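Examination of the molecular architecture
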Amino acid sequence: MTDTPLLKVSGVSKFYGSRIGCKDVSFELWPGEVLAIVGESGSGKTTLLNCLSTRLMPTTGSVEYRMRDGNFRDLYHMSEAERRFLMRTDWGFVHQNPADGLRMTVSAGANVGERLMAVGDRHYGNIRATANDWLTRVEIGTDRIDDQPRAFSGGMRQRLQIARNLVTSPRLVFMDEPTGGLDVSVQARLLDLVRGLVNDLGLSAIVVTHDLAVARLLSHRMMVMKDGHVIEHGLTDRVLDDPREPYTQLLVSSILQV
Amino acid sequence: MTDLATYNFAYLDEQTKRMIRRAILKAIAIPGYQVPFASREMPMPYGWGTGGVQVTASIIGPEDVLKVIDQGADDTTNAVSIRAFFQKVANVAVTTHTKDATIIQTRHRIPEQKLTEGQVLVYQVPIPEPLRFLEPRETETRKMHALEEYGLMHVKLYEDIAHNGRISKTYAYPVKVAGRYVMDPSPTPKFDNPKMHMSEALQLFGAGREKRIYAVPPYTEVVSLDFEDYPFEIQKFEQPCALCGAQGVYLDEVVLDDKGGRMFVCSDTDHCEDRREHGHAGELLAQNKEAAE
Ligand SMILES: [Zn+2]
């Protein structure tokens, strides 16, 4: 890790009229660090994720991102063209439902290759070779490269979505309940895979989950949210082994095998 | 007939023509960009070239000479009825000769004879949006054009190669205009794409049902999309035209009998006739001549 954060979040709030989506969230994310945002449904974790990833404009606050040139840019003051470029090159976004992040009617190879083509790669053979490489890395047989994700199982679709996001070597990946809709056995395999990739690639990631096991396995640090507020924030092991807030204690104790 | 006679010159009222001309001027100023316009009801159903007809009606003057082609031919039902329409409502001269025409309205082809300065080629376009195949949302495709996000076009070509071993798309092959906007030449064969590049003639595209006009001004770069290792290629024909012996032109297959007999002839009927008048003869014509003698 370097001594400069990748992301600086200050005072981010999102209100829907008088209702609080999330309130006054501040933190820094470091290169290679995985942060879990944990909470029950309605806690504001998804609203916060959408604000951080600029899919939603917050009511107040700022998020600064360190670009590849080393300069910080305020995400909410970038042009839409710059933001969209960032999102398909230096960032990834893994949706809970793979269908939201994949093109279901084009082949697996084209799903992985799309970002490469979007940034100007014009050599079919190279694009295909890279797609094959990424399918292998996410444990999808290269004989499936021309199949559409419609023919894939839920776990395969989710792994394809991850490959599609990582092909441009992003530095920051947002994940929204990445194991959400999957069977328990499939979840474990996917978590192993994600943990391996994050380590190998030195990725920074922000993972939203309601599942403390996911936070335990993937994240270095975690924030616990309730009613739009961050109520506890610390190293993952510390928060899970020695929760300070009564609400966190309740969450932890409700899970037997963390 | 008497009904039509009460209409303004070239059918449309002057205010509508001004509106369409403004859209055309904007289209010329931003090559390849789809300009929305308030498409009018025309005395023919959508799918019969109402977009092209409105463009032609807005630019045609009494001195113009009009040619109308459909599948390269001047004598198909659609071409004949559009030509008759303009004779009726604008009383303009018409021709089948490419070189004599000042305005050529077309549905599928660009004439074989090179177009020259001062000529206008008006295309009838059914679907103007090249991105629609993979992105049906209009708000999103507009944004993609605005931000020059054209990765999807290559996704489409990638799929073609992955499934067919080559880019099998033969019609409506996407092009990039003046290094900026990706455009659908609409139902023309890709054989004609190179003719659009640096054309001396002005090219106007009208989509009536979709309410869009776009343009390629004279001497504008028009590049067909492709991959470095799968470069753009036009269709090649094994034999010359059976009637006029022309090579390097677009040919249609014609079935001669129910025993599998067939021949390949120019799709551009005017070009074929012109060559024959100038003494060129293809294999079939030569055989017939021999038989007659
Ligand atoms: Zn011929």
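Residues numbered from 1 in each chain as written. Chains lettered and ligands numbered in written order. Predicted model: local features only at pLDDT ≥ 70, side-chain atom pairs only at ≥ 80, totals over all residues. Heavy atoms only, no water.

Let us now look at the coordination of the zinc ion. Within the protein, the zinc ion binds to Cys241 of chain B (SG), Cys244 of chain B (SG), Cys266 of chain B (SG) and Cys272 of chain B (SG); these donor distances fall in the range 2.2 to 2.3 Å. Within one chain, the residues donating to the zinc ion are spaced in sequence as C-x2-C-x21-C-x5-C. (Donors = N, O, S within 2.8 Å, 3.2 Å for Na, K, Ca; no water.)

Across the contact, 21 residues belong to chain A and 21 residues belong to chain B. Summing both sides of the interface, chain A and chain B together bury roughly 1900 Å²; the carbon and sulfur share of this comes to 59%. The largest contributions to the chain A side of the interface with chain B come from Arg84, Arg122 and Tyr124 of chain A, which together make up 38% of the buried area. Across the contact surface, chain A and chain B share 4 salt bridges. Residues Lys143 of chain B and Glu80 of chain A are paired through a salt bridge, measuring 2.9 Å at the closest nitrogen-oxygen approach. On the surface where chain A and chain B come into contact, there are 12 residue pairs in polar contact (both at pLDDT 80 or more). At the level of elements, α2 (80-89), α4 (108-118) and α5 (124-137) of chain A are the ones that each hand at least two residues to the side of chain A that touches chain B. A per-element tally of the side of chain A that touches chain B places α4 of chain A first, with 5 residues. Here the side of chain A that touches chain B is composed, by residue class, of 8 nonpolar, 5 polar and 8 charged. (Contact = heavy atoms within 4.5 Å. Buried area = accessible area lost by both parts, 1.4 Å probe. Salt bridge = Lys/Arg side-chain N within 4 Å of Asp/Glu carboxyl O. Polar contact = N/O pair within 3.5 Å; in protein donor to acceptor, adjacent residues only side chain to side chain. Helix = DSSP H or I, 4+ residues; strand = E, 2+ residues; numbered from the N terminus. Nonpolar A, V, L, I, M, F, W, Y, C, P; charged D, E, K, R; others polar.)

The next point concerns the pairing of strand β3 (residues 34-38) of chain A. Residues and elements named next belong to chain A. Within β3, 5 of the 5 residues are buried, which leaves it mostly tucked inside the rest of the structure. Residues Val34, Ala36 and Val38 of β3 are buried on one face, and the alternating residues Leu35 and Ile37, pointing to the opposite face, are buried as well. One ladder, built from 4 bridges, connects β3 with strand β9 (residues 221-226); its direction is parallel. Within β9, the residue paired with Ala36 across the bridge is Met222. (Buried < 20%, exposed > 50% of the residue type's maximum accessible area, 1.4 Å probe, protein only. Pairing = 2+ DSSP bridges.)

With that settled, consider the side chain of Thr98 of chain B. Summarising the element assignment, Thr98 of chain B is placed in the loop between β3 (93-94) and β4 (103-106). With sequence-adjacent residues up to four places away left out, Thr98 of chain B is seen in contact with Lys67, Ile104, Pro111, Gln113, Leu115, Gln119 and Asp270 of chain B.

Right, let's get into the packing of aromatic side chains. All names here are of chain B. With the rule as written, the count across this model stands at 15 aromatic pairs over all chains. Ring centres of Phe85 and Phe86 lie 5.2 Å apart, and the angle between their planes is 75°; this geometry places the pair in the edge-to-face category. The residues Phe85 and Phe86 share a single accessibility class, namely buried. Here Tyr123 and Phe205 contribute two aromatic rings whose centre-to-centre distance is 4.0 Å and whose plane-to-plane angle is 10°, an arrangement assigned as stacked. With Tyr123 in strand β5 (residues 120-124) and Phe205 in strand β8 (residues 202-207), this residue pair connects regions lying 82 residues apart in the sequence. In this pair, the class of Tyr123 matches that of Phe205, namely buried. (Phe/Tyr/Trp six-rings, centres within 6.5 Å; stacked < 30°, edge-to-face > 60°.)

A few words on the packing of α4 of chain A against helix α6 (residues 151-164) of chain B. One way to put it is that α4 of chain A packs onto α6 of chain B with a least axis distance of 8 Å and a crossing angle of 140°. Taken as axis vectors, α4 of chain A and α6 of chain B run oblique relative to one another. Between α4 of chain A and α6 of chain B lies a crossing whose hand is right-handed. Contact with α4 of chain A, carried on its side by Gly109, Ala110, Glu114, Met117 and Ala118 of chain A, involves Gly151, Leu152, His154, Val155, Tyr158 and Glu159 of chain B of α6 of chain B and no other residues of that element. Split by residue class, the contact of α4 of chain A with α6 of chain B holds 6 nonpolar, 3 polar and 2 charged. (Axes fitted to C-alpha atoms, helices over the stretch in contact; angles between N-to-C directions. Parallel < 35°, antiparallel > 145°, perpendicular 65-115°, else oblique. Left-handed = near helix turned anticlockwise from the far one by under 90°.)

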